[in-house]
Amino acid sequence: MRRTARRSRRPAALAAGLAAAALALVPVLLRAQAPGEEPPPLFVERIDVNVINVEVFVTDDQGRAVTGLTKEDFEILQDGRPVEVTNFFTVSRRDRVEMELARTTPPPTGTQSTTVSPPSDLPEDQRLNLLVYVDHYNLRPQNRTRVLETLGGFLEDRIFQGDRVMIVGYDGQLEVAQPFTRDVAAVAGALDRIDKVKTHGQYYDAERRRVLDNVRTAALELDAPDVQLADGFVRAYINEQQTELKRSAAALSTIVRSLAGLPGRKALLYVSDGLPQRPGEDMYLYMSEVFGGSIIQGTTGELTDFVDTFSATMISDQNHLFDDITRHANAHQVTLYTLDARGSGGHSTAGAQERALVADNRVAMDALHTTNFQEPLIEMAVATGGRSILNTSEYGDALAEAASDFDHFYSLGFASPAEGDGDWHKIEVRVRRPGLNVRHRTGFVDKPEEERIADRTLSSLFFEMEMNPLGVEVEFGQPERQGRGVFHLPVLVRVPIREVTLLPNGDVQEGRLRIYVAVKDDVGGVTDPHEQIYPLRIPADQLEVARGKEIGYAAKLRIAPGTPRVAVGVWDEVSGTESFVHKEVLVERGKG
């Protein structure tokens, strides 16, 4: 949340934008900023403070939620330095079972009867938006079904408590199965539908077995074991897995970023069979076993037999992908809860022949495989103050523990002294009472306002939310065919000049807009918001005439046929006013 409180006199930074032409509808206006061109200095005296809200969960030694603490019981440190708690809010709600028991149990004789009602609405900024993200691409069908059977009751309880629920699936493409709702039947229907979506985890198993079989064959060559051939199989497999992992992480990151513009508390429950932090790590362990460690480490003295498995594993480490997800989550105060759908039985994808060859170290190989897939789940949850649900098939009990977070928490707000520097800042929350345990997000990224506006443009696109105090209008021209399945769509963004705040500077009035454009296609693909700076300089003697006119920004978007949705965000840098609008357009294959 941003509110007025600090002075800023530095020029806004230039970011890369769309390759587009600007259309000035009033002759006295300057054109939009050209890509690569330095913007003219515009010094804005506006007071901004970034208020960081941290959800804090306090438990005793038995893991029970502790209630009744006050603002004075907490201390917050940012980067090791104390900061003042400016906002304090606490929630302690009884769960559905307790409330039903209270309804049906008669009061003791001689006491006054009390009526227990469902939870009253919380303030808008404290209502929970719970997004369930089902990663079909990294799930096996039987595991998904087990989880979904439990999720229904859990989500019904969340709706009873007044929370809003959304269901999103990913099967190589993002799909909103159910927008945010408090309709129990709608959520149940969405869960039924997504249980029929094709999963891909079983294909991962088959491919992994194939590569292991190829490695085993290379190790059993009659003439001589071929280490380099086996290494080639593993590296090709790793490259493929890295490509798919990047797509999966990018989709999850997009959803996390899209939550930025939602008012209230935000939590995301990520359901999958895990994500590999170091693709192929256990395969190199397998190679060491079937070839013999001395050959893999190169101690035979033959360079052609040398494979540096340690370096290869480190190179394959994809931790930066998950750091990016948690960066966006912490920047927008999204708490991540992760659930490993494989349950408590473990999961080995090696075939019988492969397991026989590494019989002495099979347990270590399976454990390494499991740990590799669970590390990102643990890290994403810990970094954002959530929980990871691992190594259990009792999903109901584990989800009930997560629900305790939603119903018993403290929200602490403080003004960040970092002034939107875009850097990571560590958070530490202390409770002054002894014997209590505290859990919260480990830090946050103090994103500059222009990056926050870009993320809120994504929110508008995903959740079809509009906020338009600037009176922004979006118009489309005739799509122009550029090739097979590719069109250029002319877009014109209009903003009434009377809604733009201008500052006097000598004999001219100056202002500046930032315009953001993002597109979502029919299959859930989303572009990053493109930014364009639009400076304005109007001679003072022409201001009255200009006030009755509009400015315009024109661009051509590269899109595929279908019914894409275009979101436009406009930020008035002088006043801080934001507008977000979105519009759908039909692009037919036979047109253009």
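Residues numbered from 1 in each chain as written. Predicted model: local features only at pLDDT ≥ 70, side-chain atom pairs only at ≥ 80, totals over all residues. Heavy atoms only, no water.

Caption draft 1: Structural detail: the sheet that holds strand β10 (residues 265-272). What the 6 strands build is an open sheet, ordered β9-β8-β7-β10-β11-β12; its pairing is mixed. Looking at the sheet topology across the chains shown, the edges are occupied by β9 (174-181) and β12 (388-389). Of the pairings in the sheet, the one linking strand β8 (residues 164-170) to β9 comprises 5 bridges and is antiparallel in character. By the bridge assignment for β9, I167 is matched with Q178. (Pairing = 2+ DSSP bridges. Helix = DSSP H or I, 4+ residues; strand = E, 2+ residues; numbered from the N terminus.)

Caption draft 2: Unusual backbone geometry, seen in detail. Even without being glycine, D79 reaches a positive phi, approximately 55 degrees. Within the fold, D79 resides in the loop between β4 (74-78) and β5 (81-83). Overall, D79 belongs to the partly exposed group, its relative accessible area being 41%. For N391, which is not glycine, the phi dihedral falls at a positive 55 degrees. Assignment of secondary structure puts N391 in the loop between β12 and α12 (395-407). Overall, the relative accessible area of 49% leaves N391 in the partly exposed class. (Buried < 20%, exposed > 50% of the residue type's maximum accessible area, 1.4 Å probe, protein only.)

Caption draft 3: View of the packing of aromatic side chains. Applying the stated criterion to the full structure yields 11 aromatic pairs. Aromatic side chains F414 and F444 sit 6.1 Å apart centroid to centroid with 75 degrees between the ring planes, which places their arrangement in the edge-to-face category. Of this pair, F414 sits in strand β13 (residues 408-415) while F444 sits in strand β16 (residues 443-445), and the two are 30 residues apart along the sequence. Accessibility assignment for this pair places F414 and F444 in one class, buried. Note on F462 and F463: the rings are 6.3 Å apart at their centroids and 50 degrees apart in plane angle, and the pair reads as tilted. Residues F462 and F463 agree in their burial class; the two are buried. In textbook terms, an aromatic cluster arises when at least three aromatic residues are bridged by ring pairs, as seen for F74, F88 and Y410. The ring centre of F409 lies 3.6 Å from the NZ or CZ of R265, which sits over that ring. (Phe/Tyr/Trp six-rings, centres within 6.5 Å; stacked < 30°, edge-to-face > 60°. Lys NZ or Arg CZ within 6 Å of the ring centre and 35° of its normal.)

Caption draft 4: Here's a closer look at the pattern of salt bridges. On inspection of all chains with the given rule, the structure shows 41 salt bridges. Residue E375 is joined to R278 by a salt bridge in which the shortest nitrogen-to-oxygen separation is 3.2 Å. Here R278 lies in the loop between β10 and α6 (281-291) and E375 lies in helix α11 (residues 362-384), a separation of 97 residues in the sequence. Residue R278 is classed as buried on the basis of its relative accessible area, which comes to 9%. Here K556 ties to E480 by a salt bridge, and the two come within 3.3 Å at their closest N and O atoms. Remark: E480 occurs in strand β18 (residues 480-483) and K556 occurs in strand β23 (residues 550-559); sequence separation between them is 76 residues. Among the ionic contacts, a cluster of salt bridges with common partners joins R257, R327, K447, E451, D455 and D528. (Salt bridge = Lys/Arg side-chain N within 4 Å of Asp/Glu carboxyl O.)

Caption draft 5: View of helix α13 (residues 449-463). Its 15 residues give α13 an end-to-end C-alpha distance of 21 Å, which sits within 8% of 21 Å, the value for a rise of 1.5 Å per residue. The element α13 is largely enclosed, with a buried count of 13 among its 15 residues. One or two residues past the end of α13 sits E464, with phi positive at roughly 50 degrees. (Expected span 1.5 Å × (residues − 1).)

Caption draft 6: Region of the structure containing the pairing of β8. With 6 of its 7 residues buried, β8 lies for the most part within the structure. With 7 bridges joining them, strand β7 (residues 128-135) and β8 adopt parallel strand pairing. Looking at the pairing, V132 lines up with I167 of β8. Considered for its hand, the β-α-β crossover made up of β7, helix α2 (residues 141-160) and β8 is right-handed. (Right-handed = clockwise from strand over helix to strand, strands pointing away.)

Caption draft 7: Molecular detail of the side chain of D455. Relative to the assigned elements, D455 resides in helix α13. A distance of 2.6 Å separates the side chain of D455 from the side chain of H332, its partner in a polar contact. When neighbours within four sequence positions are excluded, D455 is seen to be in contact with R257, A260, H328, H332 and K447. (Polar contact = N/O pair within 3.5 Å; in protein donor to acceptor, adjacent residues only side chain to side chain. Contact = heavy atoms within 4.5 Å.)

Caption draft 8: Just helix α3 (residues 184-194), in detail. If you check which residues of α3 are buried, you get V187, A190, L191 and I194. Axial view of α3: buried residues confined to an arc of 100 degrees, hence all on one face. Here α3 starts with a cap whose side-chain oxygen sits 3.0 Å from the backbone nitrogen of A185, and that cap is D183. (Arc of directions from axis to C-beta.)

Caption draft 9: Spotlight on the sheet that holds β5. Spatially, β5-β4-β14-β16 is the arrangement adopted by the 4 strands of the open sheet, whose pairing is antiparallel. With partners counted over all chains shown, the strands left at the sheet margins are β5 and β16, one partner each. Sheet twist, expressed as the mean angle between neighbouring strand axes with direction ignored, is 35 degrees. Direction of pairing for strand β14 (residues 424-431) relative to β16: antiparallel, over a ladder of 3 bridges. Looking at the pairing, K426 lines up with G443 of β16. (Axes fitted to C-alpha atoms, helices over the stretch in contact; angles between N-to-C directions.)

Caption draft 10: Quick peek at a negative patch on the surface. Together, D79, E419, D421 and D423 make up a negatively charged patch on the protein surface. With respect to the secondary-structure elements, D421 resides in the loop between β13 and β14. By relative accessible area, which is 34% here, D421 ends up partly exposed. (Patch = residues over 30% accessible without salt bridge, like charges linked within 9 Å, V, L, I, M, F, W, Y side chains within 5 Å. Areas by Shrake-Rupley, 256 points an atom, 1.4 Å probe, with all protein chains shown as cover. Lys, Arg positive; Asp, Glu negative; His and termini not counted. Charge placed at Lys NZ, Arg CZ, Asp CG, Glu CD.)

Caption draft 11: Molecular detail of the side chain of T254. Positionally, T254 belongs in helix α5 (residues 227-258). In this structure T254 comes out as buried when scored by relative accessible area, which is 17%.

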